[in-house]
Amino acid sequence: MSWDGWLAEQREARERAGLQRALRARSVDEDVIDLASNDYLGLSTHPEVRRASADAALAWGAGSGASRLVTGTTTAHGELEAELAGFTGRRSALVMSSGYHANLSAVTALADRDALIVSDAHVHASLIDAARLSRATIEVVPHNEVDAVRAVLDEAGGRRALVLTESVFSVLGDAAPLPELAEICAERGALLLVDEAHGLGVVGDGGRGLVAGLGEAPQVVMTATLSKSLGAMGGAVLGSDALIDHLVNRARPFIFDTALAPAPVAGALAALRLLRDRPELPQRIHRRASELADRFSVSRSAGAVLSVPMPSPQVALAAQAAALDAGVRVGCFRPPSVPDGVSRLRITTQAGMADDAWEHAVEALTRVVEQHGGLP
């Protein structure tokens, strides 16, 4: 079969299954309430964040010019790393161009053919890809099953072991049992890597994430993104001084990638400072997420993401389109993006939205979900 024929066959199969995807461009002035964005705290459009980003672009230019180890590291990178580490209770931080790169860097620099990776079944695609690229032995354990992690580590046979999880999972919105996992890893000499992509800015004391609640915990490595609650771009790995030194020297996605540009670095730093000064923002997320969960009779989320199961991928797409017609944008998760194969509307709670807009969105979504069989 020719390549053209193969590509056409693949598209037809996706369309039959209701899994075909396409890019849809937003305009700057569209009149839509956005409950699909991961800008949970509304900080991407905050005047102080915009001004910091603009000033950095004017001062440094549009790009960073090179990798971090050449000329791509600016004083702004250092400020952001220091304040991220202080905010989350970690010793050191290393900023990268995306949260995806942060996970790729941490896992592939720590694990190799001689290592064992124990991965929760629901971790993000970036952690799955990182584990595969590491060439380590991979054991996937049932979601949030502490005993399963313990059993695999007990059979590790002296190998270096790395346990992968998220603080708040991106589809179901549930939290990992971090204290238990951290204890198991400490007792068995394993590292616990926790992706705080959906935790930072949302959960923990003042939005510091769940890893901060573990104390210094040297056996814990934290990764995060700057593109969700902090409303900018980029990612970070946080942990011990020795860990960061190792990543600077061994993490290929960090070493060979052009550095994150100064504008998003400065924007993320401004957003972090706003978060530190406004602890009511995460609190508002939890109030609104609980309201939505009760309205749709689904489990309450530990974070900002609420998932409403739908009967099929096709129905989920129809419900998403109906919501947009009503002036509300929501996400639509279908296989392979969902770990359990159940298609869902993905609604992200927004703390920065005015009360009247929020109430309108909730009423519109309630009608859409009722019409498309998403309520029990």
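Preceding this paragraph is the structure being described.
Now for a description of the structure that goes with this document. (Residues numbered from 1 in each chain as written. Predicted model: local features only at pLDDT ≥ 70, side-chain atom pairs only at ≥ 80, totals over all residues. Heavy atoms only, no water.)

## Considerations on the overall build of the protein
Note the following rule: The helix count covers DSSP runs of H or I at least four residues long, the strand count covers runs of E at least two residues long, and both are numbered beginning at the N terminus. Throughout, radius of gyration means the C-alpha value; the globule benchmark is 2.2 Å times the number of residues raised to the power 0.38. Every residue pair with non-hydrogen atoms within 4.5 Å of one another is taken to be in contact. Using a 1.4 Å probe, the Shrake-Rupley method yields the accessible areas, and only the shown protein chains count as cover for residues. Under this rule, positive means Lys or Arg and negative means Asp or Glu; His and the chain ends count for nothing. We put the charge of a Lys on NZ, of an Arg on CZ, of an Asp on CG and of a Glu on CD.
Counting its regular elements, the protein contains 14 helices and 11 strands. Its C-alpha atoms give the protein a radius of gyration of 21 Å, near enough to 21 Å, the size a compact globule of 376 residues would have. Relative to all contacts within the protein whose residues are 6 or more apart in sequence, the contacts with residues 24 or more apart total 74%. Accessible surface computed for the protein: about 16900 Å², of which carbon and sulfur atoms make up 51%. Here the protein carries 35 positive and 46 negative side-chain charges, and the mean point of each set is 3 Å from the other.

## Considerations on the nonpolar core
In plain terms, the rule: Residue types Ala, Val, Leu, Ile, Met, Phe, Trp, Tyr and Cys, when buried and joined through side-chain atoms within 4.5 Å, form a set referred to as a nonpolar core. Each residue's exposure class comes from its accessible area (1.4 Å probe, protein chains only) as a fraction of the maximum for that residue type: buried when under 20%, exposed when over 50%, partly exposed otherwise. Note that the domain bounds were set by an automatic or database domain assignment.
L80, L84, V118, L153, L192, L226 and L230 are the most contacted members of the largest nonpolar core, which has 62 residues in total. Broken down by element, this core gets its largest block of residues, nine residues, from helix α11 (residues 262-277). Both domain 1 (24-40 + 304-373) and domain 2 (47-277) contribute no fewer than three residues apiece to this core. Beyond its immediate chain neighbours, meaning those up to four positions away, L153 contacts V118, A161, V163, I184, R188 and A190.

## Considering helix α14 (residues 355-371)
To keep it simple, the criterion reads: One less than the number of residues in a helix, times 1.5 Å, gives the span that helix is expected to have.
Look at α14: 25 Å from first C-alpha to last across 17 residues, which is about the 24 Å you get at 1.5 Å a residue. Residues W358, A361, V362, A364, L365, T366, V368 and V369 constitute the buried set of α14. Buried residues along α14 sit against β1 (33-35), α12 (280-296), β9 (305-309), α13 (313-325), β10 (328-333) and β11 (344-348). Directly beyond the C-terminal end of α14, a positive phi value near 75 degrees is found at G373.

## Here we look at the side chain of D120
Note the cut-off: Criterion for a salt bridge: a side-chain nitrogen of Lys or Arg within 4 Å of a carboxyl oxygen of Asp or Glu. Side-chain atoms alone can form a polar contact between residues adjacent in sequence; in general such a contact is a pair of N or O atoms within 3.5 Å, and within protein one must be able to donate a hydrogen while the other accepts it.
Here D120 lies in strand β3 (residues 116-120). Salt bridges are absent for the buried D120, whose nearest opposite-charge side chain, R344, sits at 13 Å. There is a polar contact of 2.7 Å between the side chain of D120 and the backbone nitrogen of N144. Sequence-distant contacts of D120, defined by excluding residues within four places in its chain, comprise V140, V141, P142, H143, N144, L164, T165 and F169.

## Overview of the sheet that holds β11
Inclusion rule: Pairing between two strands requires that DSSP report at least two bridges joining them. Under this scheme, a helix contributes an axis fitted over its contacting stretch, all axes are lines through C-alpha atoms, and angles between N-to-C directions fall in the 0 to 180 degree range.
Strand order in the open sheet formed by four strands is β1-β10-β11-β9, and the pairing between neighbours is mixed. Strands with a single pairing partner mark the edges of an open sheet, and in this sheet they are β1 and β9. Each adjacent strand pair in this sheet contributes to an overall mean axis angle of 30 degrees, direction not counted. Pairing between β9 and β11: five bridges, direction antiparallel. Residue V305 lies in a different strand from β11, and its bridge partner there is T348. Strands β9 and β11 of the sheet are contacted by α12, whose axis makes an angle of about 10 degrees with β9.

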